[in-house]
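Descriptive structure summary
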Amino acid sequence: HEFPATVPANQNELAEVTALIRGRVVKVHVDVGQDVNKGTRLALLHSVDLGMAEGEHLKSAARMEEAERSHVRAKELYENKAVSLAELQRREAAMKAARAEARETRNRLELLGVPQEEIDRLDREHTIKADMPLRAPFDGRVITRNITRGEVVETDQKLFTVANLTDVWVIGNVPEKDIRFIHKDQNVNVVFAAYPHAIFGGTITYVGDVLDPATRTMSLRVTVSNPERLLKPEMFAVISVYATSSSDALSVPLAAVQDGPVGKMVFIQQDVGTFEARTVK
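Read on for a plain summary of the structure. All figures in this text were calculated on a predicted structure; none of them were measured in a lab.

Moving on, we get to the nonpolar core. If you look at the biggest cluster of nonpolar residues, it comprises 27 residues, and the most contacted ones within it are Leu42, Leu45, Leu134, Ile147 and Phe160. Listed by contribution, the elements that provide at least two residues to this core are strand E3 (23–28), strand E5 (41–46), helix H1 (48–79), helix H3 (116–125), strand E6 (131–135) and strand E9 (160–163). Setting aside anything within four residues of it in sequence, one finds Ile147 in contact with Val25, Val28, Ala43, Leu45, Leu159 and Phe160. One finds Phe3, Phe200, Val222 and Ala237 within the second-largest nonpolar core, a separate group that totals 22 residues.

Turning our eyes to something else, we now look at the side chain of Thr161. For Thr161, the position within the fold is in strand E9. Relative accessible area serves as the criterion here: at 6%, Thr161 is assigned to the buried category. At 2.7 Å, the side chain of Thr161 forms a polar contact with the side chain of Glu16. With sequence-adjacent residues up to four places away left out, Thr161 is seen in contact with Leu14, Ala15, Glu16, Arg141, Val142, Ile143 and Thr144.

Unfilled space is identified by rolling a water-sized probe across the atoms. Approximately 240 Å³ is the volume attributed to the second largest pocket. Forming the walls of the second largest pocket are Glu16, Val17, Thr18, Leu20, Leu112, Gly113, Pro115, Met132, Pro133, Leu134, Arg135 and Pro137. Put simply, the parts of the chain that give the lining of the second largest pocket at least two residues each are strand E2 (14–17) and E6. Of the residues belonging to the lining of the second largest pocket, the class tally is eight nonpolar, two polar and two charged.

Another aspect to go through is the sheet that holds strand E1 (residues 2–6). Reading around the circumference, E1-E10-E13-E12-E11-E14 is the order of the six strands in this closed barrel, with antiparallel pairing throughout. Ignoring which end each strand starts from, the neighbouring axes of this sheet average 40° apart. Bridge analysis of strand E12 (residues 195–212) against strand E13 (residues 217–225) gives seven bridges, and the strand direction is antiparallel. Counterpart to Gly202 in the pairing with E13 is Val224.

Each value, and the rule that gives it
Residues numbered from 1 in each chain as written. Predicted model: local features only at pLDDT ≥ 70, side-chain atom pairs only at ≥ 80, totals over all residues. Heavy atoms only, no water. Core = buried A, V, L, I, M, F, W, Y, C linked by side-chain atoms within 4.5 Å. Buried < 20%, exposed > 50% of the residue type's maximum accessible area, 1.4 Å probe, protein only. Helix = DSSP H or I, 4+ residues; strand = E, 2+ residues; numbered from the N terminus. Contact = heavy atoms within 4.5 Å. Polar contact = N/O pair within 3.5 Å; in protein donor to acceptor, adjacent residues only side chain to side chain. 1 Å grid on protein atoms, 1.4 Å probe; cavity = no way out; pocket = protein on both sides within 12 Å on 5 of 7 lines; lining within 4 Å. Points joined across faces, edges and corners; volume = space filled by probe spheres on them. Nonpolar A, V, L, I, M, F, W, Y, C, P; charged D, E, K, R; others polar. Pairing = 2+ DSSP bridges. Axes fitted to C-alpha atoms, helices over the stretch in contact; angles between N-to-C directions.

Below, the structure written as structure tokens:
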């Protein structure tokens, strides 16, 4: 049984890289077709909004330090009966509020994708850079790029697509009459239009649960190993499934099956010129 198929991107091994904050593209480091490792810098953005967020973090950190010093002074004065308990409690509350504000501004930077080491540098050097690198989420290949130097990008733009092509999906459509021959974890062969004389082995990893009402076909997904990166998204293919109705069934040419007195029968050759009639079903 043969079924037409295409190669979509493996959704489990594909990532759309977007910016978490609005910014201007300073530099683009990779192009389409380039292999990247996890953490590889894809592009560098300069963001005014990020600079403002970093500035707010530095201000809140300064307010927290001042509130902590004020609380320490009040504690010493209270021990020497120089200030009231109410004043000590007021400064303690101000210190807790300042700490909460500092945590909030730090969390905002983390949500914007600023790495821990950059936040630590900011706290240590008190210098705003406002640079936001875009990095590869895993090892793979850049298959789309929609970014140019100098443009201003928004958070809803898909700037890069990174795909791990070690394994590819092949999605086929199985007619209703052939569904009984298909089951999960079944080994199949796949022939791609780009390589008509090569046969690739694959495994059925998903069988659809619902038929397409328009075409009366069921979706079938085969995972094919692609270590040499020969197979690429959007290729056309044919899935070949070799199946019988039961595991111990034999196949004979259709013309060999005859109508006998008690049903279907075939002739089994015993010797030269000697045949035995045998009933089959």
